[in-house]
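Structure at a glance
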Amino acid sequence: MEQRWWHNSVVYQIYPRSFCDSNGDGIGDLQGIISKLDYLEQLGVDVVWLSPVYQSPMDDNGYDISDYQAIAPEFGTMDDMRALLDQAKQRGIRIVMDLVVNHTSDEHPWFVEAKANPDSDYRDFYIWRDANPDGSAPSDIGSIFGGSAWQWDEENQQYYFHLFSKRQPDLNWENPAVHNKVFDMMNWWIDQGIGGFRLDVIDLIGKEVDKGITGNGERLHPLLKQMNQATFGDKDLLTVGETWGATPEIAKLYSNPERNELSMVFQFEHITLTWQDGDKWQPKPLDLVEFKQVLTKWQVELKNEGWNSLFWNNHDLPRVVSKYGCENEYRVKSAKMLATTLHFMKGTPYIYQGEEIGMTNVAFDSLEQYKDIETLNFYKVKTESGVSHEHMMQAIHENGRDNARTPMHWNSDNHAGFTTGTPWIELNPNYPEINVADALEDKASIFYHYKQLIALRKSHPVIVYGDFIPLLENDPQVFAYERKDSHQHIVVINNFSNQTVELNLPAHLVEQECETLISNHQHLNRLPARYSLTPYESIAVKL
Ligand code: NOJ
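Residues numbered from 1 in each chain as written. Predicted model: local features only at pLDDT ≥ 70, side-chain atom pairs only at ≥ 80, totals over all residues. Heavy atoms only, no water.

Topic: the overall build of the protein
So the rule is basically this: Where helices and strands are cited, they refer to DSSP runs of H or I of at least four residues and of E of at least two residues respectively, numbered from the N terminus. For the radius of gyration, the atoms used are the C-alpha atoms, and the globule rule reads 2.2 Å times the number of residues raised to 0.38. The criterion used for residue contact is that any of the two residues' heavy atoms lie within 4.5 Å. Computed by Shrake-Rupley with a 1.4 Å probe, the accessible areas treat only the displayed protein chains as cover when residues are assessed. Residues scored as positive are Lys and Arg, those scored as negative are Asp and Glu, and His as well as the terminal groups of each chain are ignored. A single reference atom marks each charge: NZ on Lys, CZ on Arg, CG on Asp, CD on Glu.
Of the regular secondary structure elements, the protein holds 15 helices and 20 strands. At 23 Å, the protein has a C-alpha radius of gyration in line with the 24 Å of a compact globule built from 543 residues. Counting only C-alpha atoms, the protein reaches 75 × 50 × 50 Å along its principal axes. Taking as baseline every contact in the protein between residues at least 6 positions apart, the subset at least 24 positions apart corresponds to 69%. Carbon and sulfur atoms provide 46% of the accessible area of the protein, an area that totals close to 20500 Å². Computed over 46 positive and 79 negative side-chain charges, the inter-centroid distance for the protein is 5 Å.

Below you can see the structure in the form of structure tokens.
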């Protein structure tokens, strides 16, 4: 496999609104990010993926863009953006921009023009259809944020299509004029010196609405090849697609280097295992055996073809320590265990802001404290269809997107040092106990565990390129595996339970001498035949 810089990189995701506010307006901003670059350098990350900072009416916190080549005033200016790129570069950090081109904002001039003037060239930038003879929507395709994907436009007497909010009209990728505009915009950003793109819901751009196809349409891969050729193909950039509908077979289409599409994709198969019938508002407990099967399948299937991205959480998902660990009694220990499990796998690891200090989910008492459009829409849709308030609040506490969006905890001062003003969303009240300042003071903190994991990836090519071999596949509590190449052999053992587990290691490992690379409990210099793993214990050893 040809080696690429992003193979041994670790990416840190910033949700700018919630990261650091430099001007006291209660909203994180670019200067705030710049002020924390030393912190990111200390952690050791190579790349920052920046959630959208473009001009936007913020119906979906910036995933609704009204100008791709301007910065939202609450985040700063284009000069701030240039300063960020420059300051990050000085610290060896590349900035990956979030490319949201499945849809725009309804305030984007293209849509404004399309709506105001049906004869304009921009009309066909979006997807318009007549009503059925009885006035109903052209089809029953649903919006991912609840309700129909079709919005009636009184002025034009037509429906337009939106897979997210009605303020996020979908671009019509069947129109080549759309490609040209988007590709020009991408090239403009590439010229600014960015490190790549994270491509928002990119598996939806091949949609064929009249056939009822939204994800993985036939035109998707030809479009990506075209995009690759017209933009980043000959540049050394990281590109990662958000692809909820990817199977390993599909992921290879995107990420096999010979196909010239993307560096890698985010797959969500392991995430949706705790959603009953694919519905995040019906959470169910994790079945570890199933979880291991899914992750192992991805590790093994992309072994020689394509590349994995590795993540536990992002701005749309609950906090990992709350989801798969234990946020109370074993918060520190389980957060380290989860980090070790992920960072020793093959692929590019992503850390979501605050994960490196073990930030937890938040459980606001009242719906009014929630800001996320998806959460608020679904509360309405679900309670109108008979789901109880109590059920929805519990589901929101478990899986709602605002779990990830409460502000970053920098210290134990007022508002956790995030802002001197009034934060746009309340903080998690546990910031006096969980914050960066304390983590940096404590050599045994989760932060230093992450730092060590990042450094290990750099010093051990086997972590980057070695084979992944699952161990104890049917064990319902332990996630263990080997990483192996012709030079090095690593064994990683993680207890996902709050109980002590008696471990019987397979014969080929027993009594082997080893060096402990990282652990959250004790060090071993020999692998014993029987080993009592304490709750959430985790260890990685080199044989
Ligand atoms: C996926 C993004 O991650 C999410 O935050 C956003 O709401 C949708 N795409 C729509 O852009």
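Quick notes on the sheet that holds strand E7 (residues 150–153)
Going by this rule: Whether two strands pair depends on DSSP finding at least two bridges between them.
Here three strands make up an open sheet; going across it, the order is E6-E8-E7 and the pairing antiparallel. A strand with exactly one partner marks an edge of an open sheet, and here the two such strands are strand E6 (128–129) and E7. The pairing of E6 with strand E8 (residues 158–161) spans two bridges and is antiparallel. Among the inter-strand pairings, Trp128 is bridged to a residue of E8, identified as Tyr160.

Things to note about the sheet that holds strand E20 (residues 538–542)
In plain terms, the rule: Where helices are involved, their axes are fitted lines through C-alpha atoms of the stretch in contact, as for all axes, and angles between N-to-C directions lie from 0 to 180°.
What the five strands build is an open sheet, ordered E14-E15-E16-E20-E18; its pairing is antiparallel. Of all strands in the sheet, those bounded by a partner on one side alone are strand E14 (467–471) and strand E18 (515–519). Going from strand to strand, the sheet's axes swing by 20 degrees on average, the running direction of each strand aside. Two strands pair when backbone bridges link them, and strand E16 (residues 489–495) and E20 are joined in this way by five bridges, in the antiparallel orientation. For Val491, the partnering residue across the bridge sits in E20 and is Val541. Sheet contacts for helix H10 (residues 331–343): strand E15 (478–484), E16, E18 and E20; angle to E16, the most-contacted strand, approximately 145 degrees.

Let's talk about the environment of Gly146
Along the chain, Gly146 falls in the loop between E6 and E7. Each C-alpha atom of the pair Gly146 and Lys382 lies 9.0 Å from the other, and the pair is 236 residues apart in sequence. Once you skip the residues sitting within four places of it in the chain, Gly146 turns out to touch Phe378 and Val381.

Some points on the packing of aromatic side chains
Quick reminder of the rule: Put simply, two rings from Phe, Tyr or Trp (the six-membered ring, in Trp's case) pair if the centres are within 6.5 Å, and we call them stacked under 30 degrees between planes, edge-to-face over 60, tilted for the rest. By the criterion adopted, a ring carries a charge over it if an Arg CZ or a Lys NZ lies within 6 Å of its centre and within 35 degrees of its normal.
The tally for this structure, following the rule as stated, stands at 39 aromatic pairs. Three or more aromatic residues joined by ring pairs make a cluster, and in this case those are Trp49, Trp244, Phe266, Phe268, Trp275, Phe311 and Tyr350. The ring of Trp410 has Lys36 lying over it, and the distance from NZ or CZ to the ring centre is 4.2 Å. Over the ring of Trp5 we find Arg94, and its NZ or CZ is 3.6 Å from the ring centre.

Focus on the confidence of the model for the protein
Operational definition: One number per residue, pLDDT, summarises how confident the predictor is, and it ranges from 0 to 100.
The predicted model of the protein has a mean per-residue pLDDT of 97, with 100% of residues at 70 or higher. Model confidence for the protein, summarised as mean pLDDT per element, is weakest for strand E19 (residues 530–533) at 93 and strongest for strand E1 (residues 11–14) at 99.

Comments concerning the UniProt feature "domain: Glycosyl hydrolase family 13 catalytic" (unreviewed entry) in the protein
Definition in use: UniProt positions are given in the numbering used here, feature names are shortened, and annotations may be inferred rather than shown by experiment.
With numbering aligned to this structure, UniProt lists the feature "domain: Glycosyl hydrolase family 13 catalytic" (unreviewed entry) at residues 13–405. For residues 13–405, the helix share is 31%, the strand share is 12%, and the end-to-end C-alpha distance is 12 Å.

Quick look at the nonpolar core
Where a protein is soluble and globular, its nonpolar side chains tend to be buried together. Put simply, the test is: Buried Ala, Val, Leu, Ile, Met, Phe, Trp, Tyr and Cys residues form a nonpolar core when they are joined through side-chain atoms within 4.5 Å. The cut-offs for exposure are 20% and 50% of the maximum accessible area for each residue type, with area from a 1.4 Å probe on protein chains only; residues under the lower value are buried, those over the upper are exposed, and the others partly exposed.
Of all hydrophobic cores here, the largest spans 152 residues; its most connected members are Leu50, Met81 and Phe344. In terms of nonpolar packing, the next biggest core, distinct from the first, is built from 16 residues, Cys514, Leu527, Tyr531 and Leu533 among them.

Description of the side chain of Thr348
Going by this rule: Polar contact is the term for a pair of N or O atoms within 3.5 Å; when the atoms are in protein, one must be able to donate a hydrogen and the other to accept it, and sequence-neighboring residues count only if both atoms are side-chain atoms.
Within the secondary structure, Thr348 sits in strand E13 (residues 348–352). The class for Thr348 is buried, based on a relative accessible area of 0%. Within polar-contact distance, the side chain of Thr348 engages the backbone oxygen of Trp6 at 2.9 Å. When sequence neighbours within four positions are dropped, the list of residues in contact with Thr348 reads Trp6, His7, Ser9, Val11, Met264, Trp307, Asn308, Ser309 and Leu310.

Quick look at the site of the ligand
As a reminder, the rule being used: Residues are labelled near a given molecule or strand when at least one of their non-hydrogen atoms is within 4 Å of it. Definitions used throughout: a 1 Å grid over protein atoms alone; a cavity as a set of points that fits a 1.4 Å probe which cannot get out; a pocket as an open set with protein on both sides within 12 Å along at least five of seven lines; a lining residue as one with an atom within 4 Å of a point. A pocket or cavity is taken to hold a molecule when more than half of that molecule's atoms are within 2 Å of the pocket's grid points. Residues are grouped as follows: nonpolar covers Ala, Val, Leu, Ile, Met, Phe, Trp, Tyr, Cys and Pro; charged covers Asp, Glu, Lys and Arg; every other residue, Gly included, is treated as polar.
Taken together, the neighbourhood of the ligand is formed by 13 residues, with Asp60, Asp200, His315, Asp316 and Arg401 sitting nearest. For the ligand, the protein covers 98% of the area, taking 300 Å² as the surface of the free molecule. Spatially, the ligand is embedded in the largest pocket. Class assignment of the residues belonging to the shell around the ligand gives a composition of four nonpolar, two polar and seven charged.

Regarding the side chain of Thr340
Following the sequence through the fold, Thr340 ends up in helix H10. One polar contact links Thr340 to His449, side chain to side chain, over a distance of 2.8 Å. With residues up to four places along the chain from it excluded, the contact list for Thr340 reads His449, Leu453, Tyr481, Val492, Asn494, Ile518, Ser538 and Ala540.

Quick notes on the pattern of salt bridges
Rule in force here: What makes a salt bridge here is a side-chain nitrogen of Lys or Arg within 4 Å of a carboxyl oxygen of Asp or Glu, nothing more.
All chains considered together, the criterion is met by 34 salt bridges. In this structure, Glu41 engages Arg91 in a salt bridge whose closest nitrogen and oxygen atoms are separated by 4.0 Å. Pair noted here: Glu41 is in helix H2 (residues 37–43) and Arg91 is in the loop between helix H3 (78–90) and strand E5 (94–99), with a separation of 50 residues, a long-range link. Connected via shared salt-bridge partners are Asp60, Lys280, Asp316, Asp372, Glu374, Arg401 and Arg405.

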